[in-house]
2 protein chains.
Amino acid sequence: MMKIGALSESLEDYLEIIYQLIQETKEARIKDIADRKNVSMSSVIPALRRLSKENLVNYKTRGIVTLTSQGQNLAARLLGRHEFVKYFLMSLLDVPEEIAERDACLFEHYMSPETFRKMVMFFEFVDTCGMNIRSHFEDYIANLDKQGDGEICPAPECPFKNDSFRRRQRWGMVKTLSSLSPGESGRVARVQADTAIRQRLIDMGVLPNVVITVERMAPLGDPIEIKLRGYHLSLRKEEADAIILYPST
Amino acid sequence: MMKIGALSESLEDYLEIIYQLIQETKEARIKDIADRKNVSMSSVIPALRRLSKENLVNYKTRGIVTLTSQGQNLAARLLGRHEFVKYFLMSLLDVPEEIAERDACLFEHYMSPETFRKMVMFFEFVDTCGMNIRSHFEDYIANLDKQGDGEICPAPECPFKNDSFRRRQRWGMVKTLSSLSPGESGRVARVQADTAIRQRLIDMGVLPNVVITVERMAPLGDPIEIKLRGYHLSLRKEEADAIILYPST
DNA sequence: TAGTCTAATTAGACGCGTCTAATTTTCGAG
DNA sequence: CTCGAAAATTAGACGCGTCTAATTAGACTA
Ligand SMILES: [Mn+2]
Ligand SMILES: [Mn+2]
Ligand SMILES: [Mn+2]
Ligand SMILES: [Mn+2]
């Protein structure tokens, strides 16, 4: 059984495409392969030769392209990963379909079998644990933009609505970045802001557990200069307000 | 701000390594870069030239290697992703450190910013929702090997221990693959077995939501031949028993 | 059946990212 | 200051995966 990841990303994608074409149209023509992979026909030929050398496809010049049983097996497993990862991203992480599709078609090649297995297990766990994690997370996301009222999980049926443990957990980290003085530092717990600010901060590298040090602060706290992984950044007050830190230990 | 993914995986890794070396030892020597990336010194030179052309490193023949502020920025963000993804895999999915490290160093290049953001949000959600998802999942995993007693979530403090909803959910899908007759099919809900069997099945492509059709069955149900994504497989009874299906609709 | 269009292939090129085998430069010990 | 070792660089090669342009084979049409 040929291992996933033993071939290049490109060859694995060729294999997947050939498999799909055969399922859909009974045969895999060079032109169709080329179209689907968005390459020229002349690029397909050497790919087929390489796959043929690995005993994954049957191909001879001007012959019909088929998969060997090894190739069939590998392609089916790749497609399984592709579809599972896509579904995982969409249904659990709420990633839009188009993006989930793109990411899944990359992850399928690079994820180790161990991580993949754990992902499958987590997915099963979410489905069977009865905690309704999916819908809680959906609500969490849906309410990010209107947050600030102190409510983390606004789902009406949430059994933790009045849970003191959760409140304690929240109260433990109410410090925001803008409440620090120059020289002080903290570890990021989360970002509490609408998607625009959140997006900007995450893209700048403000991630959970990253240590941030305040360097300088303008008179009214805007802008505020910080250091993050040894790299200097300047934040607007509105952004600094959104960053919730763990209490410094 | 240079986008992650605009460079090749290789160049991004070079950048990361240079950044780390400068942080650790104040300078990035060609030999050290080569050692850390496990390539020959002569491979480093053209990489530095390409990075230099992109204005990410300052490098001239026989000169000292430094990062431009653009390069510093990109490197810091890459490293942030690397570390976050690694931590996500370890702390949420329970992936062993070594493997999480490897996977993170691949995902950092390939994951779209959208998926990454959702991952960060999910992580924050898990930490703030108060549901203790991490420890429940740990228990779920820890108990896979001893499963079969009907208990899904054996955590003593689990608030869903006696939840009728969850029981109903479980009862809705008690059909196992081996209870089907030839010609019948079902959709996989999960695999309930020890890690060895589970591992084998997942690697063969038996994943949640995949449709399986029983083709043939030996007299005592061992082996059982199935079709999965158009591909034929033969399972032992012990494996077929582990596959829990959704009730056919 | 000859003509025409399209699919398939070949030829030749290119950039990336690596290598090995020289060669040159640098640097520190004596 | 000299010399030898280590680091850096150059030269030349290779495989992958792509391209464009030219050619060939096939298949359908009039
Ligand atoms: Mn792919
Ligand atoms: Mn794919
Ligand atoms: Mn990497
Ligand atoms: Mn990395």
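Structure first, text after, so check above.
Just so we're clear, the structure is a prediction, and the values are computed from it rather than from any experiment.

K.L.:
Give a detailed account of the interface of chain B and chain A, specifying residues and quantitative values.
P.N.:
Taken together, the contact pairs 73 residues of chain B with 73 residues of chain A. Between chain B and chain A lies a buried interface of about 6,900 Å² when both sides are counted; carbon and sulfur atoms form 68% of it. Note that glutamate 83 of chain B is salt-bridged to arginine 229 of chain A, the shortest N-O span being 3.0 Å. On inspection of chain B and its partner chain A, the count reaches 23 residue pairs in polar contact (both at pLDDT 80 or more). Going through the elements one at a time, α1 (9–25), α4 (69–91), α5 (97–110), α6 (113–128), α7 (133–142), α8 (164–171), β3 (185–191) and α9 (195–204) of chain B are the ones with two or more residues in the side of chain B that touches chain A. Residue classes in the side of chain B that touches chain A are distributed as 42 nonpolar, 15 polar and 16 charged.

K.L.:
Quick one: what's the story with the coordination of the manganese ion (ligand 4), residue by residue and with numbers?
P.N.:
Residue and element names in this part refer to chain B. Taken together, Glu16 (OE), His82 (ND1), Cys105 (SG), Glu108 (OE) and Glu108 (OE) make up the protein donors of the manganese ion (ligand 4), found 2.2 to 2.5 Å from the metal. Positions of the donor residues of the manganese ion (ligand 4) along the chain correspond to the pattern E-x65-H-x22-C-x2-E. Here the manganese ion (ligand 4) and the manganese ion (ligand 3) are spaced 3.5 Å apart, and both take cysteine 105 as a donor. One end of the pair, histidine 82, is in helix α4; the other, glutamate 108, is in helix α5, and 26 residues separate them in sequence. Across the pair, glutamate 108 and histidine 82 agree in class, each one buried.

K.L.:
Provide a residue-level description of unusual backbone geometry, including the pertinent values.
P.N.:
That bond from aspartate 222 of chain A to proline 223 of chain A is cis: its omega, 0 degrees, falls within 30 degrees of zero. In this structure, proline 223 of chain A sits in the loop between β4 (211–217) and β5 (224–228). Of note in this structure, asparagine 132 of chain B is not a glycine but carries a positive phi near 60 degrees. Using a relative accessible area of 38% as the deciding quantity, one classes asparagine 132 of chain B as partly exposed. Its identity as a non-glycine residue notwithstanding, arginine 229 of chain B has a phi of 50 degrees, on the positive side.

K.L.:
Run through the protein's contact with DNA strand D, naming residues and quoting values.
P.N.:
Among the 23 residues in the neighbourhood of DNA strand D, the closest are listed as Ser8 and Ser43 of chain A together with Arg29, Arg49 and Arg62 of chain B. In this structure, a base oxygen belonging to DNA strand D sits 2.7 Å away from a side-chain N or O atom of serine 42 of chain A. The side chain of serine 43 of chain A places a nitrogen or oxygen atom 2.5 Å from a phosphate oxygen of DNA strand D. Within the residue set of the surface near DNA strand D, elements represented by two or more residues are α1 (9–25) and α3 (41–53) of chain A together with α2 (30–37) and α3 (41–53) of chain B. Each residue belonging to the surface near DNA strand D can be placed in one class, and the counts come to 8 nonpolar, 8 polar and 7 charged.

K.L.:
An account of the coordination of the manganese ion (ligand 2) is requested, with residue identities and associated values reported.
P.N.:
Residues and elements named next belong to chain A. For the manganese ion (ligand 2), the full set of protein donor atoms is Glu16 (OE), His82 (ND1), Cys105 (SG), Glu108 (OE) and Glu108 (OE), and the range of their distances to it is 2.1 to 2.5 Å. Of note, the donors binding the manganese ion (ligand 2) are all from one chain and are spaced E-x65-H-x22-C-x2-E. Between the manganese ion (ligand 2) and the manganese ion (ligand 1) the interatomic distance comes to 3.5 Å, and cysteine 105 is a ligand of both metals. With a gap of 89 residues between them, glutamate 16 in helix α1 and cysteine 105 in helix α5 (residues 97–110) connect regions that are remote in the sequence.

K.L.:
Before we move on, can you summarise the protein's contact with DNA strand C with the specific residues and values?
P.N.:
Within the structure, DNA strand C sits among 23 residues, and Arg29, Arg49 and Arg62 of chain A together with Ser8 and Ser43 of chain B are positioned closest to it. The contact in question runs from a phosphate oxygen of DNA strand C to an N or O atom on the side chain of arginine 29 of chain A, over 2.5 Å. Arginine 50 of chain B is positioned with one of its side-chain polar atoms (N or O) 2.6 Å from a phosphate oxygen of DNA strand C. Taken together, the residues that form the surface near DNA strand C break down as 8 nonpolar, 8 polar and 7 charged.

K.L.:
Residues and numbers for the packing of α1 of chain A against α5 of chain A, please.
P.N.:
Residues and elements named next belong to chain A. Here α1 crosses α5 at 115 degrees, and the two axes come no closer than 10 Å. In this view, α1 runs roughly perpendicular relative to α5, as classed from their interaxial angle. Considering the relative orientation of α1 and α5, their crossing is right-handed. Between α1, through Glu9, Glu12, Asp13 and Glu16, and α5, the contact on the second element is made entirely by Cys105, Leu106, Glu108, His109 and Tyr110. In terms of residue class, the contact of α1 with α5 is built from 3 nonpolar, 1 polar and 5 charged.

K.L.:
Describe in detail empty space enclosed by the protein, supporting the description with residues and values.
P.N.:
A water-sized probe rolled over the atoms picks out the places where empty space is left. For the structure on display, the rule yields 3 cavities of 30 Å³ or more. In this structure, the largest cavity occupies an estimated 110 Å³ of space. In this structure, the largest cavity is lined by 14 residues; those nearest its centre are Phe88 and Met119 of chain A together with Phe88, Phe107 and Met119 of chain B. Grouping the constituent residues of the lining of the largest cavity by class yields 12 nonpolar, 2 polar and no charged. Space inside the second largest cavity adds up to approximately 60 Å³. Forming the boundary of the second largest cavity are Met1, Asn73, Ala76 and Arg77 of chain A together with Met204, Gly205, Leu228, Arg229, Tyr231 and Leu233 of chain B. Elements supplying a minimum of two residues to the lining of the second largest cavity: α4 (69–91) of chain A together with β6 (231–235) of chain B.

Conventions adopted
Position numbers for residues count from 1 along each chain, tracking the sequence in the order it is written. Chains carry letters and ligands carry numbers; both start at the beginning, A for chains and 1 for ligands, and go up in the order they are written. Only residues with pLDDT of at least 70 get local features here, since the model is predicted, and only at 80 or more are side-chain atom pairs given and counted; chain-wide, interface and lining totals rely on the full set of residues. Hydrogens and water molecules were not included; the side-chain quantities draw on all heavy atoms of the structure. The contact criterion used is simple: two residues touch if any of their non-hydrogen atoms lie within 4.5 Å. Accessible surface is computed with a 1.4 Å probe, and the buried area is the amount of it that two parts give up when combined, taken over both parts together. Salt bridge criterion: a side-chain nitrogen from Lys or Arg within 4 Å of a carboxyl oxygen from Asp or Glu. N or O atoms within 3.5 Å of each other form a polar contact, as long as, within protein, one can give a hydrogen and the other can take it, and as long as residues adjacent in sequence are counted only when both atoms are side-chain atoms. The numbering of helices and of strands both runs from the N terminus, where a helix is a DSSP run of H or I of at least 4 residues and a strand a run of E of at least 2. Gly counts as polar in this scheme, as do all residues outside two lists: the nonpolar Ala, Val, Leu, Ile, Met, Phe, Trp, Tyr, Cys and Pro, and the charged Asp, Glu, Lys and Arg. The donor set covers N, O and S atoms within 2.8 Å of the metal, switching to 3.2 Å for Na, K and Ca, and it leaves out water, so a site may look short of donors. Buried residues are those whose accessible area, probed at 1.4 Å on protein chains only, stays under 20% of the maximum for their type, while exposed residues exceed 50% and partly exposed ones sit between those limits. A molecule or strand has a residue near it when one of that residue's heavy atoms lies within 4 Å. Interaxial angle, 0 to 180 degrees, is taken between N-to-C directions of lines fitted to C-alpha atoms, where a helix line uses only the stretch in contact. Between 65 and 115 degrees an angle is taken as roughly perpendicular, under 35 as roughly parallel, over 145 as roughly antiparallel, and anywhere else as oblique. In this scheme the handedness of a crossing depends on how the near helix is turned from the far one: anticlockwise by less than a right angle means left-handed, clockwise means right-handed. Using protein atoms alone on a 1 Å grid, points that fit a 1.4 Å probe yet trap it form a cavity, whereas open point sets bounded by protein on both sides within 12 Å along at least five of seven lines form a pocket; residues with an atom within 4 Å of a point count as lining. Grid points are joined across faces, edges and corners, and a volume is the space filled by probe spheres set on the points.

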